[in-house]
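This is what each chain is made of:
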Amino acid sequence: MVEQLLINDDDYYVPDANQLVTEDDTPVDNFASAKQQRLLVSSLYSSLQSQTFLAEANVGIYYTDLQPPIVPDVFLSLDIQVPEKWWEKQNRCYMVWRFGKPPEVVLEIVSNKEGDELGKKLQIYEHMRASYYIVYDPNQQLAEKILHVYELRGTRYFETSETWLEQVGFGITLWEGEFEGRQDNWLRWCYQDGNVLLTGDERASQAEQRNQLLADRLRAMGVDPDTL
């Protein structure tokens, strides 16, 4: 058991971060999962710039000092941000007792049958009280379903067919298209109307298309846009 530090001479304590493993420098992933993780995280930061949140891939979450951290492929926690001194030991990973709450969304991308995403990991995230647990199984290795969504109701997870995540204000959808030069099927965040949250590159491409359309209209009116 990790040594615990007393605070304000009462019975409230937190674990000593210096005795916790915040990173082990041994990530092993595949190309497809790595791209999928980047797509999910980058689109949040590109599209939700006015909101305060923390989204990361392959960063450990400590929900208790009695167990090693769990490392979801992607997590999202609203209304918090990384501490300014993020190199300090207690700020290097997500410690629930420091941020004051678990993430709203934890997501696992199934690469093989060894992760036990529908068994042990589900139980851990349920115990952690993450509002939503999403399992994306693009190759249907665990079941016929590609997407499993679990919603916390009280203290238990219930699987739902609803892909709109009411508590976070957006949903998830399966999308076919190109990301980082790769045409494939992807899991993406979406608004209630079904439109996906755009990456920075997608936003830049849309802006370029609008600028080109405006320039064409000006030229049709006899105005050279390059002189404006």
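For clarity, every value in this text was computed on a predicted model and none was experimentally measured.

Parameters and conventions
- Residues numbered from 1 in each chain as written.
- Predicted model: local features only at pLDDT ≥ 70, side-chain atom pairs only at ≥ 80, totals over all residues.
- Heavy atoms only, no water.
- Pairing = 2+ DSSP bridges.
- Helix = DSSP H or I, 4+ residues; strand = E, 2+ residues; numbered from the N terminus.
- Contact = heavy atoms within 4.5 Å.
- Axes fitted to C-alpha atoms, helices over the stretch in contact; angles between N-to-C directions.
- Core = buried A, V, L, I, M, F, W, Y, C linked by side-chain atoms within 4.5 Å.
- Buried < 20%, exposed > 50% of the residue type's maximum accessible area, 1.4 Å probe, protein only.
- Salt bridge = Lys/Arg side-chain N within 4 Å of Asp/Glu carboxyl O.

(A) Here's a closer look at the sheet that holds strand β12 (residues 170–179). Spatial ordering of the open sheet is given by β11-β12-β13, a layout of three strands whose pairing is antiparallel. Strand pairing shows two members of the sheet lacking a second neighbour, β11 (164–165) and β13 (182–190), which therefore form its edges. Against the sheet, helix α1 (residues 31–47) makes contact with β12 and β13, and its axis sits at roughly 40° relative to β13, the strand it touches most.

(B) How the structure looks around the nonpolar core. Residues Leu44, Leu165 and Trp189 are the most contacted members of the largest nonpolar core, which totals 25 residues. The residues contacting Leu44, other than those within four sequence positions of it, are Phe53, Ala55, Leu76, Phe170, Trp189 and Leu197. Counting residues in each nonpolar core, the second largest holds 21 residues, with Val96, Val106, Val110 and Leu122 among its members.

(C) Quick look at the sheet that holds strand β5 (residues 74–78). Ordered in space as β3-β5-β7-β8-β9-β10, the six strands form an open sheet in which the pairing is mixed. Two strands bound the open sheet, and with one partner strand each, they are β3 (53–56) and β10 (156–160). Averaged over all adjacent pairs, the angle separating strand axes in this sheet is 15°, with direction ignored. Packed onto the sheet, α1 meets β3, β5, β7 (105–109) and β8 (132–136) and runs at close to 165° relative to β3. Along the sheet face, helix α3 (residues 120–128) touches β7, β8, β9 (147–153) and β10 and points at about 120° away from the line of β10.

(D) Structural view of the pattern of salt bridges. Applying the stated rule across the entire model yields eight salt bridges. In this structure, the salt-bridge partner of Lys35 is Glu180, at a minimum N-O distance of 2.9 Å. Of the two residues, Lys35 sits in helix α1 while Glu180 sits in the loop between β12 and β13, which places them 145 residues apart along the sequence. With relative accessibility at 41%, the residue Glu180 sits in the partly exposed group. A salt bridge links Glu126 to Arg156, with the shortest nitrogen-to-oxygen separation between them at 3.2 Å. Residue Glu126 is found in helix α3, and its partner Arg156 is found in strand β10; the two are separated by 30 residues along the sequence.

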